[in-house]
Amino acid sequence: MADKNTPMREALRMALMEEMERDERVFVMGQEVGAWDGTHKVTRGFLEKFGARRVRDTPISEMAIGGAAVGAAMAGLRPVAEIMTINFAFLAFDALINHAAKVHYMFNGQFKCPMVMRVASGWGNQATATHSHTPEMIFAHFPGMYVAAPSNARDAKGMLKAAIRDDNPVLFSESIALYPKPAVVPDDPDFLLPIGKSDLKREGQHVTLVAWARGVEWALQAADTLAKEGVQCEVIDLRWLRPLDTALVFESFKKTNRCVVIEEALPHFGVGAEIAAQIQDNLFDYMDAPIKRVNAMDVPLPYAAELEMLALPNAQKVVDAVREVL
């Protein structure tokens, strides 16, 4: 089969399928991943293909899912656990942070925890405040826990396959809004993208836009708008929040001397603040303007559709921020 335009959910399904065919230690687990084909249909057809031994429907207990995944990984398997949305991952926090992230260190390398926790993330679609979160930075805070946040279908496939093969625990965040968005995805079963490497999505010379996950879409849309005014934006996709790769960000900032960071998350204590601090600390002499950040508003997300959209970032807010720094 040739490379073809593929939605992100199908690219993730391809990655999982290929890795389960390649390595019998890989199995999937979570609520409704088997008989119901997965909440987001990423595991569609897996139960029929791989059987109940490797496609495990679990009780409705994220704490149990996290604990079982950690134990299976420590015992030599490579679990890929699915949690319906990232807000439910808070219930598995102890398993992920106190155990998965620390096992290798606490046992002086005698144990490892090669597991992936897939979570659907993001705001929107009137899912209300308790189901609308983008809190990946909370998990990225802790050494030992890798955090992935792909922005498109191609990256999602290469990053998920790399995460499954890695010996470290990975929180793999999938933006719900990006599930149906297509991109050209390699059919190669050994297509991998390196862990902890950012990516240049668009070249420019006037301002650096730093984003990840859904923020990359807004950054690219804003860049298209600003290009009509003669403003050339350089777009950097972090891809991984831990390990965090700032090399491309620094290289770009030395050229543009201005930066806007776009994230779907809330404004305080986040990755945007970290990027701004890193630039200020390392490249102060290159700065021609303060670093601007585009975030969601600092409120629980409203249910009313108009208020919900008002509270979220969008391409126009990125355009406005770029005009400020210029």
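Residues numbered from 1 in each chain as written. Predicted model: local features only at pLDDT ≥ 70, side-chain atom pairs only at ≥ 80, totals over all residues. Heavy atoms only, no water.

## Some words on the pairing of strand E7 (residues 170-175)
Next up, step 1: Within E7, 6 of the 6 residues are buried, which leaves it mostly tucked inside the rest of the structure.
Next up, step 2: Side chains Val-170, Phe-172 and Glu-174 of E7 all project onto a buried face; the interleaved residues Leu-171, Ser-173 and Ser-175 project onto the opposite face, where all are buried too.
Next up, step 3: Pairing geometry for strand E6 (residues 146-148) and E7, over 3 bridges, is parallel. Looking across to E7, one finds that Ala-148 is bridged to Phe-172.
Next up, step 4: Read from E6 through helix H7 (residues 153-165) to E7, the crossover connection turns out right-handed. (Buried < 20%, exposed > 50% of the residue type's maximum accessible area, 1.4 Å probe, protein only. Helix = DSSP H or I, 4+ residues; strand = E, 2+ residues; numbered from the N terminus. Pairing = 2+ DSSP bridges. Right-handed = clockwise from strand over helix to strand, strands pointing away.)

## Examining the sheet that holds strand E11 (residues 233-237)
Next up, step 1: Pairing is mixed across the open sheet formed by 5 strands, whose spatial order is E9-E11-E10-E13-E14. The sheet is open, and its two borders are formed by strand E9 (199-202) and strand E14 (292-294), each paired with just one other strand. Neighbour to neighbour, the strand axes of the sheet diverge by 25° on average, direction disregarded. (Axes fitted to C-alpha atoms, helices over the stretch in contact; angles between N-to-C directions.)

## Some remarks on the domain arrangement of the chain
Next up, step 1: By the assigned domains, the chain splits into domain 1 (4-185) and domain 2 (199-325).
Next up, step 2: Distance between the C-alpha centres of domain 1 and domain 2: 26 Å.
Next up, step 3: Counting from both sides, the interface comprises 32 residues of domain 1 and, opposite them, 27 residues of domain 2.
Next up, step 4: Interface area, domain 1 with domain 2, both sides summed: about 2300 Å², of which 63% is carbon and sulfur.
Next up, step 5: Along the contact surface separating domain 1 from domain 2 lie 3 salt bridges.
Next up, step 6: Run the count over domain 1 and domain 2 and you get 15 residue pairs in polar contact (both at pLDDT 80 or more). (Domains from an automatic or database assignment. Contact = heavy atoms within 4.5 Å. Buried area = accessible area lost by both parts, 1.4 Å probe. Salt bridge = Lys/Arg side-chain N within 4 Å of Asp/Glu carboxyl O. Polar contact = N/O pair within 3.5 Å; in protein donor to acceptor, adjacent residues only side chain to side chain.)

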